[in-house]
Amino acid sequence: MLTQLTSFQNVGLKSEKITVEVGCTQGEAKMMIVGLGDTAVQESKQRVWMAVRSSGFKIPTGRVTTVNLAPADLRKAGPRYDLPIALGLLIVNGQAVLPETTFSSTAFVGELALDGSLRHVTGVLSAAIACRRLGIKTLVVPAVNGPEAALIPGLTVIAPQNLKELVQILQGALPIPEVIVPASSAADTLPEGVVDFADVRGQHHAKRALEIAAAGGHNVLLSGAPGAGKTLLARAFRGILPPLSSEESIEVTQIYSVANLLPENAPLIRSRPFRLVHHTASGVSIVGGGQVPGPGEISLAHRGVLFLDEIAEFPPQVLEVLRQPLEDRTITITRAQGSVTFPADFIMVAAMNPSTYSAASAQRIKRRISAPLLDRIDLTIDVQPVAIEDLQAPPSSGEETSAAILERVIRARTLQALRFAHLSIQTNKEMGVKQIDTLCPLGEASQQLLRTAVQRMGLSARAYHRTIKVARTIADLGGSDAIETVHVAEALQYRQNIDG
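Quick summary incoming for the structure in this document. Predicted model, so just to flag it, every value in this text is computed and none were measured.

**What about the overall build of the protein chain?**
Part 1: What the protein chain contains, in helices and strands, is 22 helices and 18 strands.
Part 2: Along the first, second and third principal axes, the C-alpha atoms of the protein chain reach 85 × 45 × 45 Å.
Part 3: Residue burial in the protein chain is summarised as follows: out of 500 residues, 52% are buried.
Part 4: For the protein chain, the proportion of contacts with a sequence separation of at least 24, taken over those separated by at least 6, is 75%.
Part 5: For the protein chain, the computed accessible surface area is about 21,900 Å², with 52% contributed by carbon and sulfur atoms.
Part 6: Positive and negative charge centroids in the protein chain, built from 47 and 46 side chains respectively, lie 6 Å apart.

See the structure below:
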């Protein structure tokens, strides 16, 4: 007897359909698994045998069970096939009689414990999205993964605690347990653990630049002496970014699900990510990779903030891997088995302490942070030490709150949404040359100012266009339809040399 069930394999953020074929023949009692499975897949044999027996089912002896995971040329990884293999084993041995519709319209994903209970698996949200794409109506996952799968509307989710309960549900002996879909609530004004700008004393110039960065999605370099407040400003920055939309929340949650980093009891991520990367991090940990390619820090920061503290301490080869994703907002990882692409649309906030280096080592800094990478930084901010008067000022000294700044940022983002309604971009930073020429006309005075800046500052073509995009954001914050000379002038003042 032969039976076929549907499961999924994560390939990047996508889930590829896997057909789990289970068949039995007469012979010595054993199980063979074929189909290019890794060690975890091969070890399913021991988990499945023990889980089936612990669940009270009896498998006849003297039968060879063969499991084929098709397509055979796609590498299979992880324990996610335990559940369909066990269910197929019960079906071909007559231990579970199920309706034919169970096989054609249902997919199964889950790891089995030795006592028959179901354990958490990664990438369930990707599997649920694949079900919707393929027209599969029902997805069976472990109970702990139920709320995650239920994020996709129109999909029936069965989330049992164990194998025996699942068989009884599929046979109609038990009702389908209710899976509580996470309620969509308005995001908090300030995400948990984020510093309020009102608690950052002084630094009005830096705060203004970060407001511009949040409004247009621009990259930032904070340069200043130790203790000036660079890290505090970076941590406060996430609090002035607009809340994630429903689609963005699904995108971010999908990445964290595949990376097995979803917070416990939080199946949907509603706050923008903030990833702090230490200068000892490797290039693979930043861009992603591994034998089974997984998302790195730049993908975990998707739709949020990637903070590189002490950027001048990073090895040059590590920093250089950021150039392509900063431009394309995606990262493609190539291995012998194929290529996978992860999203990487983040705002990079970098910090450095130039005062810790002598004039003689200025060239060393420039060798570490290349000109092409600096070109991709839109705003360079000189963070000065906080004046003693600001430090000793009372808490109610008139410092603007993150909520007040966020209101202006949201108004600017709304203008951008209207401007790009007919395009596949959302923020000013995403504009290409064609969009800049069409949507960012400049007056003669502004053009002359830029010509002078190119000659005196040696701006590249990339820096020239990025300056215009920053000027467009400054105009949006001011509610101006046109880019005025004052907007271009402010944008140029953030375009500094790394040692100046």
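The structure having been displayed, the exposition proceeds.
**Thoughts on helix 2 (residues 44-54)**
Along an α-helix, residues three or four positions apart point the same way, because every turn accommodates 3.6 residues.
Part 1: Turning to helix 2, its buried residues are Ser44, Arg47, Val48, Trp49, Ala51 and Val52.
Part 2: Tucked into the core, helix 2 has its buried residues touching strand 3 (30-34), helix 1 (39-42), strand 4 (63-70), helix 3 (82-92), strand 6 (111-112) and helix 7 (163-170).
Part 3: Immediately beyond the C-terminal end of helix 2, within one or two residues, lies Gly56, with a positive phi of roughly 95 degrees.

**Some words on the side chain of Glu399**
Part 1: As for its placement among the helices and strands, Glu399 is situated in the loop between helix 17 (388-391) and helix 18 (402-419).
Part 2: Residue classification places Glu399 among the buried positions, given a relative accessible area of 14%.
Part 3: In terms of polar contacts, Glu399 uses its side chain to reach the backbone amide nitrogen of Gly202, at 3.0 Å.
Part 4: In terms of polar contacts, Glu399 uses its side chain to reach the side chain of Lys207, at 2.8 Å.

**Overview of helix 22 (residues 485-493)**
Part 1: Of all the positions in helix 22, only His487, Val488, Glu490, Ala491 and Leu492 are classed as buried.
Part 2: At its buried positions, helix 22 is contacted by helix 8 (204-216), helix 20 (444-457) and helix 21 (461-477).

**So, the pairing of strand 16 (residues 338-343)**
Part 1: The sheet contact formed by strand 15 (residues 330-335) and strand 16 spans six bridges and is antiparallel. Considered in strand 16, the bridge of Ile331 is made with Phe342.
Part 2: From the end of strand 15 to the start of strand 16, which pair antiparallel, there are two residues.

**Brief notes about the nonpolar core**
As a rule of thumb, soluble globular proteins bury nonpolar side chains together.
Part 1: In terms of nonpolar packing, the biggest core is built from 51 residues, with Leu222, Leu233, Phe237, Val349, Leu379 and Ile381 touching the most fellow members.
Part 2: Here this core gets seven residues from one element, more than from any other, and that element is helix 8.
Part 3: Setting aside residues no more than four positions away along its own chain, Leu379 makes contact with Ala209, Ile212, Ala213, His218, Asn219, Val220, Leu221, Val470 and Tyr494.
Part 4: Listed in part, the 38 residues of the second largest apolar core include Leu5, Ile33, Ala86 and Leu166.

**Things to note about the packing of helix 3 against helix 7**
Part 1: The N-to-C vectors of helix 3 and helix 7 enclose an angle of 60 degrees; their axes lie 11 Å apart at closest approach. With respect to helix 7, the axis of helix 3 lies oblique. Along this stretch, helix 3 crosses helix 7, giving a crossing that reads as right-handed. Across the interface between the two elements, Leu83, Ala86, Leu87 and Leu90 of helix 3 pack against Leu163, Leu166, Val167 and Leu170 of helix 7.
Part 2: By residue class, the composition of the contact of helix 3 with helix 7 is eight nonpolar, no polar and no charged.

**Describing the sheet that holds strand 18 (residues 379-383)**
Part 1: Strand order in this open sheet of five strands is 11-14-17-10-18, and the pairing throughout is parallel. Strands with a single pairing partner mark the edges of an open sheet, and in this sheet they are strand 11 (274-277) and strand 18. Adjacent strand axes in the sheet meet at a mean angle of 20 degrees when their direction is disregarded.
Part 2: In the sheet, strand 10 (residues 220-224) pairs with strand 18 via five bridges, with the strands oriented parallel. What sits directly across from Val220, in strand 18, is Leu379.

**Quick word on the pairing of strand 4**
Part 1: Examined bridge by bridge, strand 2 (residues 14-26) and strand 4 share eight bridges and lie antiparallel to one another. Directly across from Val20, in strand 4, lies its bridge partner Leu69.
Part 2: Here five bridges tie strand 3 to strand 4, and the two strands are oriented parallel to one another. Opposite Met32, over in strand 4, you have Thr66 as the bridge partner.

**Thoughts on the pattern of salt bridges**
Part 1: In total, this model carries 20 salt bridges according to the counting rule given.
Part 2: The partner of Lys207 in a salt bridge is Glu399, and the shortest N-O contact between them spans 2.8 Å. Within this pair, whereas Lys207 is found in helix 8, its partner Glu399 is found in the loop between helix 17 and helix 18, the two being separated by 192 residues in sequence.
Part 3: The network of salt bridges with common partners includes Glu248, Glu251, Arg272, Arg303, Asp345 and Lys429.

**Thoughts on the packing of aromatic side chains**
Part 1: For the structure on display, the rule yields one aromatic pair.
Part 2: Plain terms: the ring middles of Phe274 and Phe307 are 6.0 Å apart, the flat faces sit at 35 degrees to each other, and that makes the pair tilted. Of the two residues, Phe274 is situated in strand 11 and Phe307 in strand 14 (residues 305-308); the sequence distance between them amounts to 33 residues.
Part 3: The class for Phe274 is buried, based on a relative accessible area of 19%.

**A word on the environment of Leu244**
Part 1: On the secondary structure map, Leu244 appears in the loop between helix 9 (230-237) and helix 10 (246-258).
Part 2: Along the backbone, Leu244 and Ser271 are 27 residues apart, and their C-alpha atoms lie at a distance of 6.5 Å.
Part 3: Filtering out sequence-adjacent residues up to four positions away, Leu244 remains in contact with Ser249, Val252, Ile269, Arg270, Ser271, Arg272 and Arg303.

Rules used in this analysis
Residue numbers run consecutively from 1 along every chain, following the written order of its sequence. Per-residue local features are limited, in this predicted model, to residues with pLDDT of at least 70; the limit for side-chain atom pairs, both in listing and counting, is 80 or more; totals at the level of whole chains, interfaces and linings are taken over all residues. As a convention, hydrogens and water are excluded, and side-chain values are obtained from all of the structure's heavy atoms. A helix here means a DSSP run of H or I that spans at least four residues, while a strand means a run of E at least two residues long, and both kinds are numbered starting from the N terminus. Exposure is judged per residue with a 1.4 Å probe applied to protein chains only, and the accessible area is read against the type maximum: over 50% gives exposed, under 20% gives buried, and values in between give partly exposed. Working rule for contacts: check all heavy atoms of both residues, and any pair within 4.5 Å makes them a contact. Method for areas: the Shrake-Rupley scheme with a 1.4 Å probe, in which residue coverage is limited to the protein chains shown. Within this scheme the basic residues Lys and Arg register as positive and the acidic residues Asp and Glu register as negative, but His and the chain ends are omitted. Each charge is placed at NZ for Lys, CZ for Arg, CG for Asp and CD for Glu. Under this definition, polar contacts are N or O atom pairs within 3.5 Å; protein pairs additionally need one hydrogen-donor-capable and one acceptor-capable atom, and for neighbouring residues in sequence, both atoms have to be side-chain atoms. By this definition, two strands are paired if DSSP reports at least two bridges between them. Among buried residues, those of type Ala, Val, Leu, Ile, Met, Phe, Trp, Tyr and Cys that are joined through side-chain atoms within 4.5 Å constitute a nonpolar core. Axes here mean lines fitted to C-alpha atoms, for a helix over just the part in contact, with angles spanning 0 to 180 degrees between N-to-C directions. Any angle that is under 35 degrees is reported as roughly parallel, and any over 145 degrees as roughly antiparallel; angles of 65 to 115 degrees are reported as roughly perpendicular and all others as oblique. Each crossing gets its handedness from the near helix: less than a right angle anticlockwise from the far helix is left-handed, clockwise is right-handed. Classes in brief: Ala, Val, Leu, Ile, Met, Phe, Trp, Tyr, Cys and Pro nonpolar; Asp, Glu, Lys and Arg charged; the others, Gly included, polar. Definition used for salt bridges: Asp or Glu carboxyl oxygen within 4 Å of a side-chain nitrogen of Lys or Arg. Here the aromatic set is Phe, Tyr and Trp, taking the six-membered ring for Trp, and pairing holds for ring centres within 6.5 Å; pairs whose planes are under 30 degrees apart are stacked, those over 60 apart are edge-to-face, and all others are tilted.

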